[in-house]
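Here's the letter readout for the chains.
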Amino acid sequence: MILTIEKARAHCRVDGDYPADQLTPYMEAAERFVIDYLNRAVYADQSTLDTAQDGLPGSMATAFDDYEASIEAAKAIDNCGQRQTMIDLASEKYRRVQRETWLVINGMVVNKTIEAAMLLVLGNLFANRESDLVGVSGEKLPTGVHDLLRPYRLVQMP
């Protein structure tokens, strides 16, 4: 994780002994939200990004070998419905690896702006962790998260 429990506790203004297991799901959700919005992998430091990118050729070669083996195995299935299902499954797994590879190729090191966006999302999730509103307005307030992240977001065109 990019956010630390200390930063999360400070941002949510809770005591240092506030249970980490109660904040961690919000921290993970905040990071996932930001990373998914950016359409790229985000790493804590340059060496972690470099290591992930250096591993791409090997992981892509393995994925392609697995894809080819799955296609060959599918061809041996007599039932055409089952054969097509196995081909579709192999193709989907390979597309998933290609997508993950694209995210890493376009990965970036977290910066203060992205960390601030993660903290804003964390704070919103923590402050609004109940599903019911009692005695308060239900109007959504702008958080500025999208404005912070927009310069770093990659948009894929069809």
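Nothing here was measured: the structure is a model prediction, and the numbers come from that model. (Residues numbered from 1 in each chain as written. Predicted model: local features only at pLDDT ≥ 70, side-chain atom pairs only at ≥ 80, totals over all residues. Heavy atoms only, no water.)

**Side note on the packing of aromatic side chains**
At step 1: Taken as a whole and judged by the stated rule, the model has 5 aromatic pairs.
At step 2: Pairing Y18 with F126 gives two aromatic rings, centres 5.8 Å apart and planes at 80°, and the pair type is edge-to-face. With Y18 in the loop between α1 (5-12) and α2 (20-38) and F126 in helix α6 (residues 112-127), this pair connects stretches of sequence that are 108 residues apart.
At step 3: For F126, a relative accessible area of 8% gives the class buried.
At step 4: Grouped by ring-pair contacts, the aromatic residues Y18, Y26 and F126 constitute a single cluster.
At step 5: Sitting above the plane of the Y37 ring, R153 keeps its charged end 4.2 Å from the centroid. (Phe/Tyr/Trp six-rings, centres within 6.5 Å; stacked < 30°, edge-to-face > 60°. Helix = DSSP H or I, 4+ residues; strand = E, 2+ residues; numbered from the N terminus. Buried < 20%, exposed > 50% of the residue type's maximum accessible area, 1.4 Å probe, protein only. Lys NZ or Arg CZ within 6 Å of the ring centre and 35° of its normal.)

**Details of α2**
At step 1: Between its first and last C-alpha, α2 extends 26 Å over 19 residues, near the 27 Å set by a 1.5 Å rise per residue.
At step 2: Every buried residue belonging to α2 is among L23, M27, A30, E31, V34, I35, Y37 and L38, and all of these are buried. Each buried residue of α2 sits inside an arc of 160° when the element is viewed along its axis, so together they form one side.
At step 3: Immediately downstream of α2, the backbone of N39 shows phi near 60°, a positive value. (Expected span 1.5 Å × (residues − 1). Arc of directions from axis to C-beta.)

**Description of the pattern of salt bridges**
At step 1: Per the counting criterion, the structure on display carries 5 salt bridges.
At step 2: Put simply, K7 and E115 hold a salt bridge, and the shortest N to O gap is 2.5 Å. With K7 in helix α1 and E115 in helix α6, this residue pair connects regions lying 108 residues apart in the sequence.
At step 3: According to the relative accessible area criterion, K7 is partly exposed, its value standing at 34%.
At step 4: For the salt bridge of R150 with D147, the shortest nitrogen-to-oxygen distance reads 2.9 Å. (Salt bridge = Lys/Arg side-chain N within 4 Å of Asp/Glu carboxyl O.)

In short, shape yes, function no, at least from these values alone.
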